[in-house]
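Listed below, chain by chain, are the residues.
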Amino acid sequence: MNASTILDVDCGTGVLTRRVAATPGRQLTGVDPAPATLAYARQQPGAERVRWVEGASGALDTPGPGLT
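Definitions and cut-offs
Residue indices begin from 1 for each chain and proceed along its sequence in written order. Where totals are concerned, whole chains, interfaces and linings use all residues; where local detail is concerned, this predicted model gives features only for residues with pLDDT of at least 70, and gives and counts side-chain atom pairs only at 80 or more. Side-chain calculation: all heavy atoms of the structure are included, whereas hydrogens and water are not. Put simply, DSSP H or I for four residues or longer makes a helix, DSSP E for two residues or longer makes a strand, and each gets a number counted from the N terminus. A simple rule labels every residue: compare its accessible area, found with a 1.4 Å probe on the protein chains alone, to the largest value its type can have, and call it buried under 20%, exposed over 50%, or partly exposed in between. Counted as positive: Lys and Arg. Counted as negative: Asp and Glu. His and the chain ends are not counted at all. By salt bridge we mean one thing: a side-chain nitrogen of Lys or Arg within 4 Å of a carboxyl oxygen of Asp or Glu. For this analysis, a polar contact is any N or O atom pair within 3.5 Å, provided that within protein one partner can donate a hydrogen and the other can accept it, and provided that sequence-adjacent residues contribute only side-chain to side-chain pairs. The set of buried Ala, Val, Leu, Ile, Met, Phe, Trp, Tyr and Cys residues whose side-chain atoms join them within 4.5 Å is what this entry labels a nonpolar core. The contact definition used throughout considers only heavy atoms, calling two residues in contact when any of these lie within 4.5 Å. By the convention used here, strands pair only if DSSP detects at least 2 bridges between them. The path from the first strand over the helix to the second decides the hand: if it runs clockwise while the strands point away from the viewer, the crossover is right-handed.

**Q** I tried to follow the side chain of Arg26 on my own but got confused; where do I start?
**A** Along the chain, Arg26 turns up in the loop between α1 (15–21) and β2 (27–32). It is Asp8 that comes nearest to the buried, bridge-free Arg26 among opposite-charge side chains, at 11 Å. One polar contact links the side chain of Arg26 to the main-chain carbonyl oxygen of Ala3, over a distance of 3.5 Å.

**Q** Can you help me understand the nonpolar core in this one?
**A** Among soluble globular proteins, nonpolar side chains are generally buried collectively. If you look at the biggest cluster of nonpolar residues, it comprises 10 residues: Ile6, Cys11, Val20, Ala21, Leu28, Leu38, Ala41, Ala47, Val50 and Trp52. Of all the secondary structure elements, the ones that give two or more residues to this core are α1, α2 (35–42) and β3 (50–54). Each residue touching Cys11, except ones within four places of it in the same chain, is listed here: Thr17, Gly30, Val31, Asp32, Leu38 and Trp52.

**Q** Help me understand the pattern of salt bridges in this model?
**A** When charged atoms on two side chains of opposite charge get close, those side chains can pair. Enumeration over the complete set of coordinates arrives at one salt bridge. For Arg49, the salt bridge goes to Glu48, with nearest N and O atoms at 3.9 Å. On the basis of relative accessibility, which here comes to 40%, the residue Arg49 falls in the partly exposed class. The class of Glu48 is exposed, set by a relative accessible area of 62%.

**Q** When you look at unusual backbone geometry in this model, what are you seeing that I'm missing?
**A** Glycine aside, a negative phi is what most residues show, and trans is what most peptide bonds show. At Asp10, a position not held by glycine, the phi torsion is positive, near 60°. Structurally, Asp10 is set in the loop between β1 (5–9) and α1.

**Q** Can you walk me through the pairing of β2 in this structure?
**A** For a regular strand, side-chain orientation follows a simple rule: the groups alternate between the two sheet faces. Counting buried positions along β2 gives five out of six residues, so the element sits mostly inside the fold. Pairing of β1 with β2 involves five bridges; the strand directions are parallel. Paired with Asp8 across the two strands is Gly30, which belongs to β2. Between β1 and its parallel partner β2, the chain crosses via α1, and the hand of that crossover is right-handed. As paired elements, β2 and β3 share five bridges and run parallel to each other. Counterpart to Leu28 in the pairing with β3 is Val50. Between the parallel elements β2 and β3, the chain passes through α2 in a crossover that is right-handed.

Shown next as structure tokens:
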């Protein structure tokens, strides 16, 4: 996977999100509607490398060109 900007929708506790974020040069955003789940994710090792967003995919900015 050569992507540098990655969005993980319904990221849960962020296990995969944090693992992918460990690769240098990647910007990760994890989105999940459950506040308790995100609170847990934010406390895990490597969580500081991820932008955590509470909500569904609609909580994000408008997608870029070619994305729906």
